[in-house]
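# Commentary on secondary and tertiary structure
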Amino acid sequence: MRIIIEEHPNVLDVSELLRPEPKFGDKEVSKFRDYTVDENDPLKERVRRTYKLMHTHQTVDFVKGRHADWLKFDHFKATIRQALEKLNDLVDESDPDLDLPNIVHAFQTAERAREEFPELDWLHLTGLIHDLGKVMAFYGEPQWAVVGDTFPVGCEWGPSIVYREDSFVDNPDGDNPKYNTKNGMYEPNCGLEQLTMSWGHDEYLYRVLKHNGSTLPEQALHMIRYHSFYPWHSGGDYHHLTNEKDEQTKQWVLMFNRYDLYTKSTTLPDIDALWPYYQSLIDKYCPGELAF
């Protein structure tokens, strides 16, 4: 049985803010991250419904509950390769750009990074594993709590969040004075690391890698943790909560997202031929079985 999940919202087409060369794929770059509403387009409606569920249910209490469950790291054990191969059965239902298994996108991202920076082997591996947290979908997590753009809970929702105008109307945190102000439960300029992000594959994989002692550099871990935080790194929101260090993080994330976003195409990599190289990187930075 194929398990399908859900992702991305954005009133602002953030792909317009970081536009690479068309050679990155066989699809026009202007066609990526298209979140316009079209009730007659089943793909766009699927994405919109996913975001509606996400923006209704991602509350402070919900995220605390997911931390209590998933951050015990007792759901399963697997090597990086075993976890990646699970993604063969996963098509991200929230992604308007592609209808291929996630493992294909993983290799597309990794190979684009390798092409541009052949000397940064940690960046190649980051591209390969950046969506690995989506394995939560195989263990009962709803699609809207696995994929899609992320945002901080516990404060006013940023204006560039996709479908922002009407998708949060049923979220109870919007009526809570502790959470519905500009800063909400945070101090101004507290920094990204102090924010409680909506629950999804970014935060989960970051926590898995930290828990299992991965030796990937800090910038790789930040790319993984914040690559879906589009309202911040591309929409221009939440800068009142960030600090100087976060601006450096943003540059790494924006660079990485050129590989993540614009390699989504129907051009398929030769995965079997690529595995030996990437297995050597797994053995270097994330060896053995990991607790998920």
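Keep in mind it's a predicted model, so treat the numbers as computed, not measured.

In the numbering adopted here, UniProt assigns the feature "binding site: Fe cation" (unreviewed entry) to H105, H130, D131, H201, H227 and D260. When its relative accessible area of 2% is taken as the criterion, H227 is described as buried. Aside from chain neighbours lying at most four places away, what touches H227 is H130, D131, H201, D202, H222, H233, V253, F256, N257 and D260. Looking at H227, its side chain comes within polar contact range of the side chain of H201, at 3.4 Å.

With that settled, consider the packing of aromatic side chains. In total, this model carries 15 aromatic pairs according to the counting rule given. Ring geometry for Y226 against W232: centres 6.2 Å apart, planes inclined by 70°, an arrangement best described as edge-to-face. In this pair, the class of Y226 matches that of W232, namely buried. With 5.5 Å between their ring centres and 50° between their planes, F229 and Y238 make a pair best called tilted. Here the two residues F229 and Y238 agree in accessibility, since each one is buried. The ring of W275 has R81 sitting right over it, with the charged end atom 4.1 Å from the ring centre.

Turning next to the state of the cysteines. Two cysteines whose sulfur atoms are joined by a covalent bond form what is called a disulfide. According to the stated counting rule, one finds zero disulfides in the structure shown. You can see C190 has no disulfide; the closest cysteine sulfur is in C155, sitting 8.8 Å from it.

Counting 79 residues, the largest nonpolar core has L84, I129, L132, L216 and F292 as its most contacted members. Examining the composition of this core, we find that seven residues originate from one element, helix α11 (residues 271-285), more than from any other. Residue contacts for L84: discarding those within four places in its chain leaves I103, A106, L128, I129, L132 and W275.

Topologically, G184 is positioned in the loop between α6 (164-167) and α7 (201-211). It is 8.8 Å that separates the C-alpha atoms of G184 and V153, two residues lying 31 residues apart in sequence.

All right, on to the pattern of salt bridges then. This structure, assessed with the given rule, holds 16 salt bridges. One salt bridge in this structure joins R48 and E45, with 2.7 Å as the shortest N-O distance. Here the residue R48 and the residue E45 both occupy positions in helix α1 (residues 42-57), the gap between them amounting to three residues, near one helical turn. When its relative accessible area of 10% is taken as the criterion, E45 is described as buried. The salt bridge partner of E203 is R225, with a shortest N-O separation of 2.9 Å. Here R225 lies in helix α8 (residues 218-226) and E203 lies in helix α7, a separation of 22 residues in the sequence. This pair shows no difference in class: E203 is buried, exactly as R225 is.

Criteria and thresholds
Residues numbered from 1 in each chain as written. Predicted model: local features only at pLDDT ≥ 70, side-chain atom pairs only at ≥ 80, totals over all residues. Heavy atoms only, no water. UniProt positions renumbered as here; feature names shortened; annotations may be inferred. Buried < 20%, exposed > 50% of the residue type's maximum accessible area, 1.4 Å probe, protein only. Contact = heavy atoms within 4.5 Å. Polar contact = N/O pair within 3.5 Å; in protein donor to acceptor, adjacent residues only side chain to side chain. Phe/Tyr/Trp six-rings, centres within 6.5 Å; stacked < 30°, edge-to-face > 60°. Lys NZ or Arg CZ within 6 Å of the ring centre and 35° of its normal. Disulfide = S-S within 2.5 Å. Core = buried A, V, L, I, M, F, W, Y, C linked by side-chain atoms within 4.5 Å. Helix = DSSP H or I, 4+ residues; strand = E, 2+ residues; numbered from the N terminus. Salt bridge = Lys/Arg side-chain N within 4 Å of Asp/Glu carboxyl O.

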